[in-house]
Number of protein chains: 2
Amino acid sequence: MSARTGLTRRLAERIVQSDPLGDEAVLAAAKAGMLDFLASTLAARDDRGADNIAAALDVQPGHRWSETTGDGRASVIGRADRLAPLDAALVNGYLAHALDYDDVHESVRGHPSAVLLPALLAEAEARRLGGADVLAAYVIGVETMCRLGLAIGRGHYEAGWHSTATLGAIGAAAACARLIGLDAERTVHAVSFAATQSAGLRVQFGSGAKPLHAGLAARAGLLAARLAASGLRGAGEPLSGDIGFLSIYGRGQAHPDAVLEGWGAPWQIVNPGLWFKLYPCCSAAHHAADAALTIRAKHAPDPGRIAAVTAAFPPGGDAALVVREPKTGVDGRFSVEYVIAAALLHGELGLEAFADRPLDERERTLAGKVRRVTDGETVPAPDAMPKGRFTVVTVTMQDGTAYAERVDRPRGSPGRPLTEQERWMKYRDAVRGMPDPWHHLPDRVAHFECLTDLSRFFPEC
Amino acid sequence: MSARTGLTRRLAERIVQSDPLGDEAVLAAAKAGMLDFLASTLAARDDRGADNIAAALDVQPGHRWSETTGDGRASVIGRADRLAPLDAALVNGYLAHALDYDDVHESVRGHPSAVLLPALLAEAEARRLGGADVLAAYVIGVETMCRLGLAIGRGHYEAGWHSTATLGAIGAAAACARLIGLDAERTVHAVSFAATQSAGLRVQFGSGAKPLHAGLAARAGLLAARLAASGLRGAGEPLSGDIGFLSIYGRGQAHPDAVLEGWGAPWQIVNPGLWFKLYPCCSAAHHAADAALTIRAKHAPDPGRIAAVTAAFPPGGDAALVVREPKTGVDGRFSVEYVIAAALLHGELGLEAFADRPLDERERTLAGKVRRVTDGETVPAPDAMPKGRFTVVTVTMQDGTAYAERVDRPRGSPGRPLTEQERWMKYRDAVRGMPDPWHHLPDRVAHFECLTDLSRFFPEC
């Protein structure tokens, strides 16, 4: 297959030529994704990991980190700082994923917006681009990332890759190539430079490197598009072929045709669509969270009299939940033991539940009673989200009474979407304590496609 | 295996505690590597790819790219420009590998110094560190990169990874962690942040992305060390385990124990040692280059009367030589067809032979007569370099006369090291036309371990 007719070239043509915003549902989904991204990112604005990253970039608070307010700079979302766009993409990607509160897409088996929007907003802000261009590029980035996820096969994630990072870099390159108006030829090279930067290990789950992955992928994708724009050239067919990206990262189980088959019909941002989280923790714990909250609401079991709790998953369904003995709220983001304990004790799973503080005695005791069970017998629901997944939580009291709840589709997932009010509530919770203009930002998001100059999008901090 | 006794922790302790410069041979090898690195990088100083990268970083010539001469900046080697160290590491890594003229190490199956020294020199220059610290960190970076190469197994490169990039990021993180004096705990996290950025596809060979890989790995490694210094934490055991780096990138064929077994005994920079190139082209073509130059020196065959040429490799020995129909001198860097033709026509393979110009008629015609042959019968020499490799070039004239030469160890490779004079000659060729102080830089390299402030190492341009 020659570089002129190869998979990457045909993908590049879709990236350049698609016009997704004509469809009302697509436009609405993109703006919903934008709002949820802002909520997830703003909720993390005080995360000290962003200061660590700034220090590593030689950007000291009060020094370059804050003083560079000139043109060609981009905001650190929710902070006064303005950085070069590549650095802003890195920091904002980190913040967007810091709380694991950002959206999830089943086809990616990961987090699209935390990678795509930091890259797009940074570049659009610095170049004073308009909202419609950002939304179109975002939809195309989601499509690229999702179709790569469908093409690369299950072996990719299972082997140990973090798809948010590995597929995110290429998705962000596609989105940024579209945003800055590269032609198909240069878009090929943007994809090529991104594929050759694709990285991120799942062994990092539970550490500060996991959200860093989103930032690194955002930066890698934006750099890839900028390198292509500059005229540098990479391999013309990086995706397919024996030693191409899909072969290596798919471990021989990839289906390269799936990158283009069904492109935009429907758009992945609409169907299956983005999953917006109600709780700032790993999506693999959301079924259990809903189940435990339901048990608490229905039966209010006295925590002191709980004898045992089980959480039953289909085989591999708890792979992302890497923490079994949580010590802090942050650990708890990847611990179904903690999520269930906190839900039963507190009846809610808000930002406070996952703060960086030691668990208290009651939380530790109850989490210690939760046991994971692998259930290979129960048949997953046909409309399970993600496909094949369920969790059954069973609380057994000292007197032998047992309360069980099964969840196949958590609240917020595509099968059980949040109401508009719930989405706005999530944003309001996130900006608590911020200056007034931040509370009105959702009005601008509602008309995002009409904004003509994104350098004026974010309010002052 | 816990994070406190795991492979990565034990590696980190070696990185922190080793004291390699007591050995005279190690010191001499490190300074030889430094000189060859400078020659390879300076020979590429006018490469326009560096300007492309600068544009992608928003560094316009005459703008920030040149005007930032303040403290905390690092040189673009051979240019007037001074950049933030992370950006300098990227550009210098690109330049060091741009001509494929830089050193090779058999254990890496790639290029250590083009990744390690850009990161180390940029950071040392910006922080005003001394030469001995850089050399010790360099030796330790080579050791880390080589031992990872030995541990990860042959499947890594063969699957399609570019080891220079993938192993280079971790080697550079190890070297930079040592340079800036991280303790063992933070060095673990430096390795962790590098492992999770490890990327680079061999499908890029022959394109501008190949040298970019060296720069990206240099930058990734330096960023990893700086992130660890800032206090950000990654996974404590990123290298071993079922979903660790070695498992994923070694495709199940890795030998994790080989990371530490034999560490520094002898140091890999001494034995097997670095291979310094006489010709600015892929090392896999160097056997053929020597053979063709010998045939030309012995027999001076009239190119117009050559009927056919064969180049016989052991199976897979020409994998890196991805260009079969070269159109320019740049293409020729990865084409054994061109290397043999140019050697037979010109009797030398200097910088001019691989310049960015179209091949002339005679070069195209003769390159078109070269055929590759896979030879699974010939037994490789026990001291072949790299192991198992050889090339037999056979030139058959129209009258039936045939001239054949076999090369097992090319000139410059560890088995046939360059003389000191040849190494200085390579440097002199590289700096032709540069201001006088650059011609005296080898004197500073000869006493590199005595330099106390590397911000004064490079002459003005």
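Everything that follows concerns the structure shown earlier in this document.
Residues numbered from 1 in each chain as written. Chains lettered and ligands numbered in written order. Predicted model: local features only at pLDDT ≥ 70, side-chain atom pairs only at ≥ 80, totals over all residues. Heavy atoms only, no water.

Trainee: How would you sum up the overall build of chain A? Please name residues and give values.
Mentor: Each helix and strand in chain A was counted, giving 20 helices and six strands. Taken against the 2.2 N^0.38 rule, which gives 23 Å for 461 residues, the C-alpha radius of gyration of chain A at 22 Å falls within 12% of a compact globule. Here chain A, with 461 residues, has 64% of them falling under the buried criterion. In chain A, of all internal contacts separated by at least 6 residues, the share reaching a separation of at least 24 is 78%. Carbon and sulfur atoms form 48% of the exposed surface of chain A, whose accessible area is close to 15,800 Å². When the 49 basic and 54 acidic side-chain charges of chain A are each reduced to a single mean position, those positions are 2 Å apart. (Helix = DSSP H or I, 4+ residues; strand = E, 2+ residues; numbered from the N terminus. Rg over C-alpha atoms; globule rule 2.2 N^0.38 Å. Buried < 20%, exposed > 50% of the residue type's maximum accessible area, 1.4 Å probe, protein only. Contact = heavy atoms within 4.5 Å. Areas by Shrake-Rupley, 256 points an atom, 1.4 Å probe, with all protein chains shown as cover. Lys, Arg positive; Asp, Glu negative; His and termini not counted. Charge placed at Lys NZ, Arg CZ, Asp CG, Glu CD.)

Trainee: Describe empty space enclosed by the protein, with residues and values.
Mentor: In the structure shown here, the tally under the stated rule is two cavities of 30 Å³ or more. Taken together, 24 residues line the largest cavity, and the ones lying closest to its centre are Gln197, Leu216 and Ala220 of chain A together with Gln197 and Ala220 of chain B. Where the lining of the largest cavity is concerned, the elements lending two or more residues are α9 (163-179) and α11 (209-230) of chain A together with α9 (163-179) and α11 (209-230) of chain B. If one sorts the elements of the lining of the largest cavity by residue count, α11 of chain B sits on top with six residues. (1 Å grid on protein atoms, 1.4 Å probe; cavity = no way out; pocket = protein on both sides within 12 Å on 5 of 7 lines; lining within 4 Å. Points joined across faces, edges and corners; volume = space filled by probe spheres on them.)

Trainee: Tell me about the relation of the copies chain A and chain B, residues and numbers included.
Mentor: The operation linking the two copies of the chain is a rotation about an axis combined with a translation along the axis. You can overlay chain A on chain B at an RMSD of 0.0 Å; the transform is a turn of 180 degrees with a shift of 0.0 Å along its axis. Expressed as an axis order, the relation between the two copies is that of a two-fold axis. Relative to the rotation axis, the C-alpha of Ala199 of chain A is the closest in chain A, positioned 2.8 Å from it. Same-surface contact between copies: 98% of interface residues of chain A are shared with the interface of chain B. (Least-squares fit on C-alpha atoms with pLDDT ≥ 70 in both.)

Trainee: Talk me through the sheet that holds strand β5 (residues 391-397) of chain A; I want residue IDs and the actual numbers.
Mentor: Residues and elements named next belong to chain A. One open sheet accounts for four strands, arranged β4-β3-β5-β6; its pairing is mixed. Each edge of the open sheet carries a strand with a single partner, namely β4 (370-374) and β6 (402-407). This sheet shows a mean twist of 20 degrees between the axes of neighbouring strands, independent of strand direction. Of the pairings in the sheet, the one linking strand β3 (residues 306-313) to β5 comprises six bridges and is antiparallel in character. Paired with Thr310 across the two strands is Thr394, which belongs to β5. (Pairing = 2+ DSSP bridges. Axes fitted to C-alpha atoms, helices over the stretch in contact; angles between N-to-C directions.)

Trainee: Tell me about the sheet that holds strand β5 (residues 391-397) of chain B, and please be specific about residues and values.
Mentor: All names here are of chain B. With mixed pairing, four strands are arranged side by side in an open sheet as β4-β3-β5-β6. Two strands lie at the open edges of the sheet, namely β4 (370-374) and β6 (402-407), each paired on one side alone. Along the sheet, successive strands turn relative to each other by an average axial angle of 20 degrees, direction set aside. As judged from the five bridges shared by strand β3 (residues 306-313) and β4, these two strands associate in the parallel manner.

Trainee: Go over the packing of helix α6 (residues 113-127) of chain B against helix α7 (residues 131-152) of chain B with me, naming the residues and quoting the values.
Mentor: All names here are of chain B. Put simply, α6 and α7 touch, their axes get as near as 10 Å, and they point 150 degrees apart. Taken together, the axes of α6 and α7 are roughly antiparallel relative to one another. α7 is crossed by α6, and the crossing has right-handed handedness. Contact with α6, carried on its side by Ser113, Leu116, Leu117, Leu120, Leu121 and Ala124, involves Val134, Ala137, Tyr138, Gly141, Val142 and Met145 of α7 and no other residues of that element. Split by residue class, the contact of α6 with α7 holds ten nonpolar, two polar and no charged. (Parallel < 35°, antiparallel > 145°, perpendicular 65-115°, else oblique. Left-handed = near helix turned anticlockwise from the far one by under 90°. Nonpolar A, V, L, I, M, F, W, Y, C, P; charged D, E, K, R; others polar.)

Trainee: With reference to specific residues and values, describe the side chain of Ser192 of chain A.
Mentor: Along the chain, Ser192 of chain A turns up in helix α10 (residues 184-195). Leave out the neighbours within four places in its chain, and Ser192 of chain A touches Gly234, Ala235 and Pro238 of chain A together with Gln204 of chain B.

Trainee: Which residues make up unusual backbone geometry, and what values do they have?
Mentor: In this structure, Pro266 of chain A follows Ala265 of chain A across a cis peptide bond, with omega equal to -5 degrees. On the secondary structure map, Pro266 of chain A appears in the loop between α12 (245-249) and α13 (269-273). Of note in the backbone geometry, Arg109 of chain B takes a positive phi value of approximately 55 degrees without being a glycine. Looking at the element boundaries, Arg109 of chain B is found in the loop between α5 (85-98) and α6. The phi angle at Arg251 of chain B is positive, at roughly 50 degrees, despite the residue not being glycine. One can find Arg251 of chain B in the loop between α12 (245-249) and α13 (269-273).

Trainee: So what's going on with the interface of chain A and chain B? Residues and values would help.
Mentor: Residue-level contacts link 53 residues of chain A with 52 residues of chain B. Between chain A and chain B the total buried area reaches about 4,000 Å² when both faces are included, carbon and sulfur atoms providing 63% of it. Note that Arg226 of chain B and Asp58 of chain A form a salt bridge whose closest N and O atoms lie 3.2 Å from each other. Linking chain A to chain B there are 20 residue pairs in polar contact (both at pLDDT 80 or more). Looking at the side of chain A that touches chain B, the elements that each hand over two or more residues are α3 (48-56), α5 (85-98), α8 (155-159), α10, α11 and α12 of chain A. At nine residues, α11 of chain A tops the list of elements feeding residues into the side of chain A that touches chain B. Looking at side-chain class alone, the side of chain A that touches chain B contains 26 nonpolar, 15 polar and twelve charged residues. (Buried area = accessible area lost by both parts, 1.4 Å probe. Salt bridge = Lys/Arg side-chain N within 4 Å of Asp/Glu carboxyl O. Polar contact = N/O pair within 3.5 Å; in protein donor to acceptor, adjacent residues only side chain to side chain.)

Remember that the coordinates give geometry; whether it matters functionally is a separate question.
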